[in-house]
Amino acid sequence: MNQLTRRGAGPLLWGLGGGAVFLMLLLLNSTTTVPAGKRGVVMKFGKVQDYVLNEGLHLKNPIGTQVEIMSVRVQRTDIEVPVGTKDLQTITTTLALNWHIEPDQVNHIYQQIGESEQIVERIINPAISEVLKSATPKKTAEEILKQRSELKNEIDRELKLRLEKYGLRIDDVSLVNIAFSPEFAKSIEAKQIAEQEAKKAEYTAQKAIKEAEAEVNRAKGQAEAQRLQRETLTPALLQKQAIEKWDGHFPNVMTGEGSLPMINVSPARLAAP
């Protein structure tokens, strides 16, 4: 009897153990965890549901339910695109795009496009290429060189319009590098040198003009001073200046004609107070 009991207890224990394992697996498959910075796309028997799982622990149906985790953090995509300019120059533009998925649109994005790699390949890269090839032909290579911020703003604006309809948000656009052809770089360098030489020549010419004007003004001033001096030097004033400078002695040297230079000094004038 005991032997029969032991024989029947073995399968029962195995059955209980298997049931416990099944219940444990069922419990584990009934929950899912969405990490920070991500969202969960719920699919029941392959069909994407209309709601999105936020961060944290969630219950789910263990039968036929699958949860795809997608990041909603800022991601960076770099792309290098050769483009043409208005003056038929070829430049290579390297653009860096920071973007993220709109959290409440994760399920629709996954349904229509796919995961992040497919978003970059199918949506972002083509959009960047098209916007660059549309914006740069509007400007010459020199204008792009001088108006880089304006080009960046135009690219930023156009990319936002193209990507927001897919539930993608742009955080920042950066023109990391704009590489010009060697021929254009040489022409820009030559032009800059020529402009510097022209400015130097203009400065020298302006300096010469100002110096000439200053010299003319000095000459005019001297001429005016001499004119005023001639008008004020009357015979009476000249005689007064001579009297003030005379030391009371006549010169000892005779002139060629044998006469002394005379000063018209009358006793009455000398006696005058």
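Being a predicted model, the structure only gives us computed values, none of them experimental.

### Quick word on the overall build of the protein chain
- Broken down by element type, the protein chain carries eight helices and eight strands.
- Across the 273 residues that make up the protein chain, the buried fraction comes to 26%.
- Looking at the protein chain alone, contacts between residues at least 24 apart form 66% of all its contacts between residues at least 6 apart.
- Split by element, the accessible area of the protein chain, about 19100 Å² in all, is 56% carbon and sulfur.

### A short note on helix α3 (residues 116-135)
- For α3, with 20 residues, the first-to-last C-alpha span of 26 Å sits near the 28 Å given by 1.5 Å per residue.
- Those residues of α3 that sit buried are S116, I119, V120, I123, I124, A127, I128, S129, V131, L132 and A135.
- In this structure, the buried residues of α3 make contact with β5 (65-71), β6 (75-84), β7 (90-101), α2 (106-112), α5 (148-163) and β8 (168-179).

### Re the pattern of salt bridges
- On inspection of all chains with the given rule, the structure shows nine salt bridges.
- Between D78 and R76 there is a salt bridge, and its shortest N-O distance comes to 2.7 Å.
- The partly exposed category is assigned to D78, whose relative accessible area is 43%.
- Residue class for R76 comes out exposed when judged on its relative accessible area of 54%.

### Considering the packing of α3 against α5
- The contact between α3 and α5 brings their axes to 10 Å, and the two run at 140°. In terms of orientation, α3 lies oblique with respect to α5. Note on packing geometry: the crossing formed by α3 with α5 is right-handed. On the side of α3, the interface is formed by I123, I124, A127, I128, E130, V131, L132 and A135, while α5 contributes L151, E154, I155, E158, L159, R162 and L163.
- When grouped by side-chain class, the residues that make up the contact of α3 with α5 number eleven nonpolar, no polar and four charged.

### Let's talk about unusual backbone geometry
- For F45, which is not glycine, the phi dihedral falls at a positive 50°.
- Accessibility expressed as a relative area gives 71% for F45, which makes it exposed.
- Within the chain, L88 stands out as a residue other than glycine whose phi angle is a positive 65°.
- If you trace the backbone, L88 turns up in the loop between β6 and β7.
- Judged by its relative accessible area of 77%, L88 is exposed.

What counts, and at which threshold
- Residues numbered from 1 in each chain as written.
- Predicted model: local features only at pLDDT ≥ 70, side-chain atom pairs only at ≥ 80, totals over all residues.
- Heavy atoms only, no water.
- Helix = DSSP H or I, 4+ residues; strand = E, 2+ residues; numbered from the N terminus.
- Buried < 20%, exposed > 50% of the residue type's maximum accessible area, 1.4 Å probe, protein only.
- Contact = heavy atoms within 4.5 Å.
- Areas by Shrake-Rupley, 256 points an atom, 1.4 Å probe, with all protein chains shown as cover.
- Expected span 1.5 Å × (residues − 1).
- Salt bridge = Lys/Arg side-chain N within 4 Å of Asp/Glu carboxyl O.
- Axes fitted to C-alpha atoms, helices over the stretch in contact; angles between N-to-C directions.
- Parallel < 35°, antiparallel > 145°, perpendicular 65-115°, else oblique.
- Left-handed = near helix turned anticlockwise from the far one by under 90°.
- Nonpolar A, V, L, I, M, F, W, Y, C, P; charged D, E, K, R; others polar.

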